[in-house]
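Examining the three-dimensional arrangement
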Amino acid sequence: MNASTLATEAVTDRSGWQLSALIAETIAWEMRRDPSVLCIGEDIGRAGGVFGATRGLLDEFGAGRIMDAPIAEMAFAGMGVGLAQAGMRPLVELMFVDFLGVCLEQIFNAAAKIPYMSGGRQKMPIVFKTAGGCIGSAAQHSQCLWGLFAHLPGLKVVAPSNPFDYRGLLTSAIRSDDPVIYIEHKGQLLKKLSDFRNNTPIPDRAYTVPFGRAVVLTKGRDVTLATLSSMVEHALEAALVLEQEGISVEVVDLRTVVPLDHDTVARSAARTGRLLVVDEDYLSFGLSAELCMRVIEQIGPGALRQVERLAVPDVPVPAALALERKVVPGVDMIIDRVRTMAKGA
Amino acid sequence: MTEQDQTLRLERYRRLWRFRSFDDACLEALRRNVIHGELHVGIGQEAIAVGMAESLRRDDAVVSTHRNHFHALAKGVDRRALLAEICEKAEGLCRGRGGHMHPFDVENNFSATGIVGASLPVALGYAYAFHLRQSDAIAVGIAGDGSSHTGAFHETMVIAGAQKLPLLVLVENNSLAISIRFDQISPTRTVAERASAYGVRGMHVDGTDVDAMTDAFAEASRHIRAGGGPVILEATCARFRGHFEGDPEGYRSREERQHLRAQFDPLRLYRDRLEAFGLTSSELDAVEAAEKAAARDLLAEIMALPQPDPEGALLYRFSEEV
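The rules behind the values
- Residues numbered from 1 in each chain as written.
- Chains lettered and ligands numbered in written order.
- Predicted model: local features only at pLDDT ≥ 70, side-chain atom pairs only at ≥ 80, totals over all residues.
- Heavy atoms only, no water.
- Salt bridge = Lys/Arg side-chain N within 4 Å of Asp/Glu carboxyl O.
- Helix = DSSP H or I, 4+ residues; strand = E, 2+ residues; numbered from the N terminus.
- Buried < 20%, exposed > 50% of the residue type's maximum accessible area, 1.4 Å probe, protein only.
- Polar contact = N/O pair within 3.5 Å; in protein donor to acceptor, adjacent residues only side chain to side chain.
- Contact = heavy atoms within 4.5 Å.
- UniProt positions renumbered as here; feature names shortened; annotations may be inferred.
- Phe/Tyr/Trp six-rings, centres within 6.5 Å; stacked < 30°, edge-to-face > 60°.
- Lys NZ or Arg CZ within 6 Å of the ring centre and 35° of its normal.
- Pairing = 2+ DSSP bridges.
- Axes fitted to C-alpha atoms, helices over the stretch in contact; angles between N-to-C directions.
- Expected span 1.5 Å × (residues − 1).
- Buried area = accessible area lost by both parts, 1.4 Å probe.
- Nonpolar A, V, L, I, M, F, W, Y, C, P; charged D, E, K, R; others polar.
- Parallel < 35°, antiparallel > 145°, perpendicular 65-115°, else oblique.
- Left-handed = near helix turned anticlockwise from the far one by under 90°.

Looking at the pattern of salt bridges
All names here are of chain A.
- Taken as a whole, this structure holds 46 salt bridges over all chains when the rule is applied.
- Across the pair Glu-308 and Arg-337 runs a salt bridge whose closest N-O atoms are separated by 3.0 Å. Taken as a pair, Glu-308 in strand 12 (residues 306-312) and Arg-337 in helix 14 (residues 331-343) lie far apart in primary sequence, 29 residues in all.
- Classification of Arg-337 by relative accessible area gives partly exposed; the value is 25%.

With respect to the side chain of A:Lys156
- With respect to the helices and strands, the residue A:Lys156 is situated in strand 5 (residues 156-158).
- Polar contacts involving the side chain of A:Lys156 include one to the side chain of B:Glu320, which spans 3.1 Å.
- With residues near it in sequence (within four places) discarded, A:Lys156 still touches A:Asp178, A:Pro179, A:Val180, A:Ile181, A:Phe211, A:Val258, A:Pro259, B:Phe318 and B:Glu320.

Let's talk about the UniProt feature "domain: Transketolase-like pyrimidine-binding" (unreviewed entry) in chain A
- UniProt records the feature "domain: Transketolase-like pyrimidine-binding" (unreviewed entry) for residues 17-191 of chain A in the present numbering.
- In residues 17-191 of chain A, the share of helix is 41% and the share of strand is 18%. The end C-alpha atoms are 8 Å apart.

What about the packing of aromatic side chains?
- Across all of its chains, the model carries six aromatic pairs over all chains by this definition.
- Considering the side-chain rings of A:Phe51 and A:Phe96, the 5.9 Å spacing of their centres and the 25 degrees angle between planes classify their relative orientation as stacked. Here the residue A:Phe51 occupies a position in the loop between strand 1 (37-41) and helix 3 (57-65), and A:Phe96 occupies one in strand 3 (residues 89-96), the gap between them amounting to 45 residues. Each member of the pair A:Phe51 and A:Phe96 is classed as buried.
- When the centroid spacing of 6.2 Å and the interplanar angle of 40 degrees are considered together, the rings of B:Tyr126 and B:Phe130 count as tilted. Separated by four residues within a single helix, B:Tyr126 and B:Phe130 lie in helix 5 (residues 119-132), roughly one turn from each other.
- Taken together, the ring pairs connect A:Phe51, A:Phe96 and A:Phe99 into an aromatic cluster.
- For A:Lys191, the ring lying beneath its charged end belongs to A:Phe196, and the centroid distance is 4.6 Å.

A look at the sheet that holds strand 2 (residues 66-68) of chain A
Residue and element names in this part refer to chain A.
- Overall, mixed pairing links the seven strands, which are arranged 2-1-3-4-6-5-10 in an open sheet. The open sheet has two edge strands, strand 2 and strand 10 (256-258), and neither has a second partner. Taken pair by pair, the neighbouring strands of this sheet meet at an average axis angle of 20 degrees, ignoring direction.
- Note that strand 3 and strand 4 (residues 127-132) share five bridges and pair parallel. Counterpart to Leu-94 in the pairing with strand 4 is Thr-130.

Here's the deal with the sheet that holds strand 1 (residues 61-64) of chain B
All names here are of chain B.
- The six strands lie next to each other as 2-1-3-4-8-7, forming an open sheet whose pairing is parallel. The open sheet has two free edges, formed respectively by strand 2 (110-112) and strand 7 (201-206), since each of these has just one partner strand. The mean angle between the axes of side-by-side strands here comes to 20 degrees, regardless of whether they run parallel or antiparallel.
- Taken together, the six bridges between strand 7 and strand 8 (residues 231-236) define a ladder with parallel strand orientation. Paired with His-204 across the bridge in strand 8 is Glu-234.
- Across the sheet, helix 2 (residues 46-53) is in contact with strand 1, strand 3 (139-144), strand 4 (167-173) and strand 8; its angle to strand 4 comes to roughly 160 degrees.

So, the UniProt feature "domain: Dehydrogenase E1 component" (unreviewed entry) in chain B
- The UniProt feature table records "domain: Dehydrogenase E1 component" (unreviewed entry) at residues 17-302 of chain B.
- This span, residues 17-302 of chain B, is 45% helix and 13% strand, and a straight line between its end C-alpha atoms measures 20 Å.

Considerations on helix 6 (residues 151-163) of chain B
- Across its 13 residues, helix 6 of chain B extends 19 Å between first and last C-alpha, which sits within 8% of the 18 Å expected from 1.5 Å per residue.
- Where helix 6 of chain B is buried, its residues contact strand 2 and helix 4 (73-85) of chain A together with helix 5, strand 4 and strand 8 of chain B.
- Trailing helix 6 of chain B by a residue or two, B:Lys164 shows a phi angle of about 50 degrees, which is positive.

Details of the interface of chain B and chain A
- Counting from both sides, the interface comprises 38 residues of chain B and, opposite them, 38 residues of chain A.
- Of the roughly 3100 Å² buried between chain B and chain A, counting both surfaces, carbon and sulfur atoms make up 64%.
- The interface formed by chain B and chain A holds one salt bridge in total.
- Here A:Lys156 ties to B:Glu320 by a salt bridge, and the two come within 3.1 Å at their closest N and O atoms.
- No other element matches helix 5 of chain B, which puts eight residues into the side of chain B that touches chain A.
- Classifying every residue of the side of chain B that touches chain A by side-chain character gives 22 nonpolar, ten polar and six charged.

Details of the packing of helix 2 of chain B against helix 8 (residues 210-225) of chain B
All names here are of chain B.
- Their axes nearest at 8 Å, the elements helix 2 and helix 8 cross at an angle of 45 degrees. Considering their axes alone, helix 2 and helix 8 lie oblique with respect to each other. When you trace helix 2 past helix 8, the crossing you get is right-handed. On the side of helix 2, the interface is formed by Ala-47, Ile-48, Val-50, Gly-51 and Met-52, while helix 8 contributes Val-210, Met-213, Thr-214 and Phe-217.

The following block contains the structure:
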């Protein structure tokens, strides 16, 4: 579904809602629609989730379908695999993406590989919903890690940037027959919908946003800026500032890492001749290099004057704010980089 | 022994030989280079899987290990499709993508994993699904003595025990985690006695005695189907061959291996019992010969099948590629 066709529909005013409430409502709609959908995770029931993304669900659906789990991620991640094999559609919440390390076995050796290892005969409709991104919580609670999951074949990896997509991509994830890693940004979950730059009205009915379709958010002539998740908001802010200086930036929201829509980025970069990939994940061996390479393979190295990357420079995220600002891309860092690129060849 | 008993026992004997002949066929396939990867056979451990077969229903689930062939056969997985998969054929259970450690049979709720300990959380998921559906089906998670020391074992038992889920954890204790002896590393004398820590029932059985094993598995499944909560059923047994084919087995002597075969072969032990009950050598020989011939014929047929089309190597990663 396309945002513009929905703009004319009557909508409930959700502008004062936090993003996490919208996510909870999205899960509730899917649970009403399909009795095989259920949620398992730590603090998702009585507490409603540490960010409130499952608030109210326990009351409506009961402890069977909203299962408060002990701190036993390895068991309940694998439980999700078994439930999916038994014909259910589990949504397994792993509080922070950083914690996926303790249950990676079930994610990368079981969920990701079983559809292939079974010759396509075993479906794996499971969502691992988790929160990533930097909110000043230092090395073990501030990672994104989508590049890590994207590297492992068999997982779809989703990282929305705005309320409309959070709902539409989550609906797609729950309805998907494939394992999906759905990564919310911690810095956005408690944000009011009206505080998003990109706040397309949310219709009063379920809709899906397809995986693998990047979207061009601002038309620009000088630089193509591809990014995702919370960095999209930073990129839009940077684009406004740069517009004042006469630098025109085309911001592309990737929406999903797997599948990765390099076509949309390549088309844009072929026009602007300059590509900057901004990634809150680590720099090396990740999304930024993969996307640049695919674009170069598609349009040829001669089609681009500049290709650059801005990402966390292969260092654990530090605790002190001064250090964090130095390594995690922010609006000023993006502005500086684009400015330098635009002045160049 | 009544005639009914005799039929039942002869059927158990037939299954023991069917399972052993199946793994003998796998060994032959390996010798002939039809299998090019790792192979873990269960020879010596047949009685445990045979003991499961009579109690398992189609709607039950079994999640097995790297040494899974007998469990698959006990669950009703098609022999031909399984052997074709082990032999890496296009007609295999998983179209040649899984191989011997990763058979998946959706219709029979059978799956396995090559990662020690990882079977249990998946079995827990089936158990939770059965619980939600208020079905009396049970989920069987198979572990070895090695798996019983993983974090996954503990975490699974915490959840299953607290919620009284219909989970049967079957521990095949062959007392060797590759080279590490159970009594050298276990904090307890048995795995079964750890059950009390999780508020579940623990049972211990001689896994080389097919009758005792059948009774124990039946008792455990009745307990679980009746809503009694999880059971840890520990079956002791001996692994006659190496951990994998090609294992130099530097951790045990030839004499030790010979002793195990002489003392704990479930097929020989059962034959002795049946003869003592009055079954004749010729009856038993006929069962053995028929199963050996069937496995040989099956292997011959499967060896002639083609490998998967290499052009399809990237198929089946995602649902839209099916």
